[in-house]
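Residue-level listing of the chains:
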Amino acid sequence: MMKAATPQSRSVLAWWIFAAAVIFLGANAHLLYVAIDSDPGCVAHLKGMEAAPGQYRAAKSSC
């Protein structure tokens, strides 16, 4: 037979759920902020159609 949850244990459980939700939402907000705020800029890459070992060409260059 299972005991009924006391109001105190429900309160503790609710606070744990609240804390987990705050951490989850905070982490996702931080990831969203970094994704929007970051600007990686241009990196050196091949501009022409030639191929070279170990070198890559951007699919669509914005530089």
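It should be noted that the structure appears before, not after, this text.
Residues numbered from 1 in each chain as written. Predicted model: local features only at pLDDT ≥ 70, side-chain atom pairs only at ≥ 80, totals over all residues. Heavy atoms only, no water.

Novice: Describe the overall build of the protein, listing the residues and the values that go with them.
Specialist: The helix and strand inventory of the protein stands at one helix and zero strands. When the 63 residues of the protein are sorted by exposure, 3% land in the buried category. Taken as a whole, the protein presents about 6200 Å² of accessible surface, with 69% of it coming from carbon and sulfur. (Helix = DSSP H or I, 4+ residues; strand = E, 2+ residues; numbered from the N terminus. Buried < 20%, exposed > 50% of the residue type's maximum accessible area, 1.4 Å probe, protein only. Areas by Shrake-Rupley, 256 points an atom, 1.4 Å probe, with all protein chains shown as cover.)

Novice: How would you sum up a nonpolar patch on the surface? Please name residues and give values.
Specialist: A contiguous nonpolar patch, built from Trp15, Phe18 and Val22 and spanning about 360 Å² of accessible area, is present on the exposed surface. Looking at the secondary structure, you find Phe18 in helix H1 (residues 7-37). (Patch = residues over 30% accessible without salt bridge, like charges linked within 9 Å, V, L, I, M, F, W, Y side chains within 5 Å. Salt bridge = Lys/Arg side-chain N within 4 Å of Asp/Glu carboxyl O.)

Novice: Residue-level account of H1, with values.
Specialist: Under the 1.5 Å per step criterion, the end-to-end length of H1 is 44 Å for 31 residues, consistent within 8% with the ideal 45 Å. Burial analysis of H1 places just zero of its 31 residues in the buried class, a small minority of the element. (Expected span 1.5 Å × (residues − 1).)

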